[in-house]
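Spelled out from the first residue to the last, the chains are:
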Amino acid sequence: MELRHLRYFAAVAETCHFGQAAAMLHVAQPALSYAIRQLESELDVTLFARTTRQVALTPAGEYLQSEATRILDDVDAAMEGVRRIAAGRSGLVRLGLTGIAAFSHLPRIARAVKQALPDVELQISSDMLTPMQCAALQSGEIDLGVLRPPVVGDGIELRTIDVESVVLVVSADHRLAVEPVIATTDLRNEPFVMYDSRDSAVNDATLRACRRAGFVPQRAHEASGTPVLLALVAAGLGVAVLPASVRALPMEGLVIRDLADAGSTEVALAWNAGEINPVVESVARVISNAFDLSAVLPSSAPLGEKL
């Protein structure tokens, strides 16, 4: 049985008229009649009771009509699903984010993707520092990353989506908590809480700020992720220099202060070089546009060129 046989049968069953069905299908009536006879012969049943005046479904034909309708609907839905995926309008995209970006950038990302690509599912992995995201991109565990450059390893492309100033985070009872703006030089004798990764972009931003002020920060404690780092700061074990988007996080027991002349840090969208998955390309384009980047190139360009 071929799919066209079911479509031919469904048309005749709907109209109970071979001429009308043939016109609807844009086929010659003899060819349609022959196809129905082939179907009946293959099934070894009579599907239509034919007289010179009318065509009617037999009980077997009535049953096949309901089944054919279901099957053809499923086939049409499958074909449309395939087209949506091929066009980058449907599918699953695995997105990694740093701990802070999950609060500060993810809401805008999720809203933009839902609005532009309602049939795309985002699978979120949060609190992933840049080195972890780079490893996950290279291993294929995630498709896109929202991280802070520089990246670790080869074969990863980047597009900056945000540039943030860095701020000082201290415990609520810290001596500097009452100051509206802090000079970086005021931190010379302070213990610091930093990330435990050697390749942390936030650590690098902290080191640059302190070196510009003429000192090297005292690394008193290390944390594997942002929640632990903030908990250590809230406990009074040290201060932290973090991106300004940390303001989006719950901050009980903590105070954020502007840090003069401390520089900035970038947030970037990252993907594997040579990425060809159209759904990943579509989501990357939507994220890029959501952060008011310059217009993307035509859709025929590869991902790296589009962004």
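Residues numbered from 1 in each chain as written. Predicted model: local features only at pLDDT ≥ 70, side-chain atom pairs only at ≥ 80, totals over all residues. Heavy atoms only, no water.

Participant: In this structure, what is going on with the overall build of the protein chain? I would like to understand it.
Facilitator: Helix and strand counts for the protein chain stand at 11 helices and 12 strands. For 307 residues, the compact-globule estimate of 2.2 N^0.38 gives 19 Å, and the C-alpha radius of gyration of the protein chain, at 31 Å, exceeds that figure by more than 25%. Dimensions of the protein chain along its principal axes, counting C-alpha atoms only, are 105 × 35 × 30 Å. Split into buried and exposed, the 307 residues of the protein chain put 45% on the buried side. Here the contacts in the protein chain between residues at least 6 apart in sequence split such that 71% fall between residues at least 24 apart. Of the roughly 15200 Å² of accessible surface on the protein chain, a fraction of 52% belongs to carbon and sulfur atoms. Here the protein chain contributes 26 positively and 36 negatively charged side chains, and the mean placements of these two sets differ by 4 Å. (Helix = DSSP H or I, 4+ residues; strand = E, 2+ residues; numbered from the N terminus. Rg over C-alpha atoms; globule rule 2.2 N^0.38 Å. Buried < 20%, exposed > 50% of the residue type's maximum accessible area, 1.4 Å probe, protein only. Contact = heavy atoms within 4.5 Å. Areas by Shrake-Rupley, 256 points an atom, 1.4 Å probe, with all protein chains shown as cover. Lys, Arg positive; Asp, Glu negative; His and termini not counted. Charge placed at Lys NZ, Arg CZ, Asp CG, Glu CD.)

Participant: Is there a simple way to explain the packing of aromatic side chains in this structure?
Facilitator: Following the criterion strictly, the structure yields two aromatic pairs and no others. Taking the centre distance of 5.4 Å and the plane angle of 50° together, the rings of Phe-9 and Phe-48 count as tilted. One end of the pair, Phe-9, is in helix H1 (residues 3-15); the other, Phe-48, is in strand S1 (residues 48-50), with 39 residues separating them in the sequence. For Phe-9, a relative accessible area of 0% gives the class buried. Judged by its relative accessible area of 1%, Phe-48 is buried. Taken together, a centroid distance of 6.0 Å and an interplanar angle of 65° make the contact between Phe-18 and Phe-48 edge-to-face. Of this pair, Phe-18 sits in helix H2 (residues 18-25) while Phe-48 sits in strand S1, and the two are 30 residues apart along the sequence. The rings of Phe-9, Phe-18 and Phe-48 are connected pair by pair, giving a single aromatic cluster. (Phe/Tyr/Trp six-rings, centres within 6.5 Å; stacked < 30°, edge-to-face > 60°.)

Participant: What is the right way to read empty space enclosed by the protein from this model?
Facilitator: To locate leftover empty space, one rolls a probe as large as a water molecule over the atoms. Applying the stated criterion across every chain, the model contains two cavities of 30 Å³ or more. Its volume calculated, the largest cavity comes out at about 90 Å³. For the largest cavity, the full set of lining residues is Thr-98, Gly-99, Ile-100, Leu-129, Thr-130, Arg-148, Tyr-195, Ser-200, Ala-201, Val-202 and Thr-226. Approximately 40 Å³ is the volume found for the second largest cavity. (1 Å grid on protein atoms, 1.4 Å probe; cavity = no way out; pocket = protein on both sides within 12 Å on 5 of 7 lines; lining within 4 Å. Points joined across faces, edges and corners; volume = space filled by probe spheres on them.)

Participant: Looking at this model, I keep getting lost on the nonpolar core. Mind explaining?
Facilitator: For soluble globular proteins, the rule of thumb is that nonpolar side chains tend to be buried together. Membership of the largest hydrophobic core comes to 24 residues, with the highest contact counts inside it found for Ile-109, Leu-144, Val-146, Leu-269, Val-283 and Ile-287. Of all the elements in the fold, those that place two or more residues in this core are strand S3 (90-97), helix H6 (106-116), strand S5 (144-147), strand S12 (264-272) and helix H10 (278-290). For this core, the leading source of residues is H10, giving seven residues. (Core = buried A, V, L, I, M, F, W, Y, C linked by side-chain atoms within 4.5 Å.)

Participant: Can you walk me through the confidence of the model for the protein chain in this structure?
Facilitator: Parts of the prediction with low pLDDT should not have their coordinates interpreted in detail. On average, the protein chain scores 88 in pLDDT, and the residues at 70 or more come to 94%. Looking over the protein chain, one finds the lowest element-wise mean pLDDT in helix H11 (residues 303-306), namely 50, and the highest in strand S8 (residues 191-195), namely 96. Low pLDDT, under 50, characterises residues 293-302; the stretch is placed with 15 contacts to residues that sit more than four places away or in other chains. (pLDDT = per-residue confidence, 0-100.)

Participant: Hey, could you run me through the side chain of Thr-98 in this one?
Facilitator: Tracing the backbone through its elements, the reader meets Thr-98 in the loop between S3 and helix H5 (101-104). Leaving out residues up to four positions away in the same chain, Thr-98 has contacts with Asp-127, Met-128, Gln-133, Val-146 and Leu-147.

Participant: Quick question: what am I supposed to make of the packing of H6 against H10 here?
Facilitator: Packed helices, taken two at a time, are described by the angle their axes make and the gap between the axes. For the pair H6 and H10, interaxial distance at closest approach is 9 Å and the crossing angle is 120°. With respect to H10, the element H6 is oriented oblique. Our pair here, H6 against H10, has a crossing hand that is right-handed. Listed contacts from H10 to Arg-108, Ile-109, Ala-112, Val-113 and Ala-116 of H6 are Val-283, Val-286, Ile-287 and Ala-290. Residues that form the contact of H6 with H10 fall into these classes: eight nonpolar, no polar and one charged. (Axes fitted to C-alpha atoms, helices over the stretch in contact; angles between N-to-C directions. Parallel < 35°, antiparallel > 145°, perpendicular 65-115°, else oblique. Left-handed = near helix turned anticlockwise from the far one by under 90°. Nonpolar A, V, L, I, M, F, W, Y, C, P; charged D, E, K, R; others polar.)

Participant: In this structure, what is going on with helix H8 (residues 201-212)? I would like to understand it.
Facilitator: Side chains of residues three or four places apart in an α-helix project in the same direction, reflecting 3.6 residues per turn. Here H8 contains 12 residues, and its C-alpha end-to-end distance of 17 Å stays within 8% of the 16 Å for a straight helix at 1.5 Å per residue. Those residues of H8 not exposed but buried are Ala-201, Val-202, Asn-203, Ala-205, Thr-206, Leu-207, Ala-209 and Cys-210. Looking at the buried positions of H8, the neighbouring elements they touch are strand S6 (156-171), S8, strand S9 (218-223), strand S10 (240-243) and S12. The residue sitting at the N-terminus of H8 and contributing the capping side-chain oxygen is Ser-200; that oxygen lies 3.3 Å from the backbone nitrogen of Val-202. Just downstream of H8, Gly-214 is the residue with a positive phi angle, here 95°. (Expected span 1.5 Å × (residues − 1). Polar contact = N/O pair within 3.5 Å; in protein donor to acceptor, adjacent residues only side chain to side chain.)

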